[in-house]
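Chain and residue survey
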Amino acid sequence: APQPCLCSGPWVWSLSPTHWVELALAPDGSVRLLRTSVATMTCAELEEAKSAMAACGEAVIQADASWVDPAKFRLARVSGSWDAAEVRAEARGEARGEARAEGRATLRVELEGVDDLGTAVLAFASSASAPEVDEGGHVAVAGAISHTRWGRHRVSFEGIASLAGRITSAWRLPESK
């Protein structure tokens, strides 16, 4: 049976039941936006918002700010990196019955933009040692999602600084018969 792994995609990060971003994992290890359901803005508009936030200084920071609401988020920039950590079986010693753990697959994605409170970044970082197959037969990468506001304030609620999340392949894992 095929093993779940990171590949070019497309991959879907569901930000809410109605908002998502669809991503491609590029051969150079970067992450690119394919399409999204959230509102968008230009990078120039984002830079204007950053300048306005910087001019306000510490006065814009709200210590009790909430998580970023995808319905109010305007996306300007997507960045990230990935590494499938695939190593040939012979190199791992499996051919000699000496299997051992190698590097783990990693996926990091940042969505940068603004919402009703100012600049915001939603960041996903994979946490599982390997992608898994979800109940729908899609490859899924589990991880933690952090929200940063105003370029420096990491959102937390009751001591929780990140939320559980996952990014899922848009296609089902092929089944072998």
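All of these numbers come straight from a predicted model, not from anything done at the bench.

If you tally the helices and strands in the protein chain, you get two helices and 11 strands. Starting at the N terminus and walking to the C terminus, you meet the elements of the protein chain as β-β-β-β-α-β-α-β-β-β-β-β-β. A separation of at least 24 residues holds for 63% of the contacts in the protein chain among residues at least 6 apart in sequence. For the protein chain, the accessible surface area stands at approximately 9900 Å², while carbon and sulfur atoms represent 53% of it.

A few words on the side chain of Thr106. Mapped onto the elements, Thr106 comes out in strand 6 (residues 106-115). Taking the relative accessible area as the measure of exposure, Thr106 reaches 16% and is therefore buried. Those residues in contact with Thr106 that sit more than four places away from it in its chain are Leu6, Ser81, Trp82, Asp83 and Ser126.

Turning our eyes to something else, we now look at the pairing of strand 6. Of all 10 residues in strand 6, eight are buried; the element is thus mostly enclosed. Bridging between strand 5 (residues 74-83) and strand 6 involves nine bridges; their strand directions are antiparallel. Its bridge partner lying in strand 6, Ser79 is registered against Glu110. Across eight bridges, strand 6 lies against strand 7 (residues 118-126) in antiparallel orientation. Following the sheet pairing, Arg108 is matched in strand 7 by Ala125. Hairpin connection of strand 6 to strand 7: two residues between the antiparallel strands.

Counting residues in each nonpolar core, the largest one holds 27 residues, and the members touching the most others are Leu6, Trp13, Leu107, Val109 and Leu111. Contributing elements (two or more residues each) for this core: strand 1 (11-14), strand 2 (20-25), strand 5, strand 6, strand 7 and strand 9 (138-149).

With 85% of its residues at a pLDDT of at least 70, the protein chain reaches an overall mean of 84. Between residues 87-101, whose pLDDT stays under 50, and residues either more than four places distant or in other chains, the model counts 14 contacts.

It is worth spelling out the environment of Gly137 at this point. Along the chain, Gly137 falls in the loop between strand 8 (132-133) and strand 9. With a relative accessible area of 12%, Gly137 lands in the buried category. Each C-alpha atom, one on Gly137 and one on Arg172, is 5.2 Å from the other, the two residues being 35 residues apart in sequence. Gly137 has contacts with Arg172 and Leu173, leaving out every residue within four places of it along the chain.

Next up on the list: the pattern of salt bridges. Think of it this way: side chains of opposite charge can pair up when their charged atoms draw near. Inspection of the entire model under this criterion finds 11 salt bridges. The salt bridge involving Arg77 is made with Glu47; its shortest N-O contact spans 3.2 Å. Within this pair, whereas Arg77 is found in strand 5, its partner Glu47 is found in helix 1 (residues 43-56), the two being separated by 30 residues in sequence. In this structure Arg77 comes out as partly exposed when scored by relative accessible area, which is 27%. Owing to a relative accessible area of 36%, Glu47 belongs among the partly exposed residues under this scheme. One network of salt bridges, in which partners are shared, links Glu47, Lys50, Arg77 and Glu112.

Reading the values: the criteria
Residues numbered from 1 in each chain as written. Predicted model: local features only at pLDDT ≥ 70, side-chain atom pairs only at ≥ 80, totals over all residues. Heavy atoms only, no water. Helix = DSSP H or I, 4+ residues; strand = E, 2+ residues; numbered from the N terminus. Contact = heavy atoms within 4.5 Å. Areas by Shrake-Rupley, 256 points an atom, 1.4 Å probe, with all protein chains shown as cover. Buried < 20%, exposed > 50% of the residue type's maximum accessible area, 1.4 Å probe, protein only. Pairing = 2+ DSSP bridges. Core = buried A, V, L, I, M, F, W, Y, C linked by side-chain atoms within 4.5 Å. pLDDT = per-residue confidence, 0-100. Salt bridge = Lys/Arg side-chain N within 4 Å of Asp/Glu carboxyl O.

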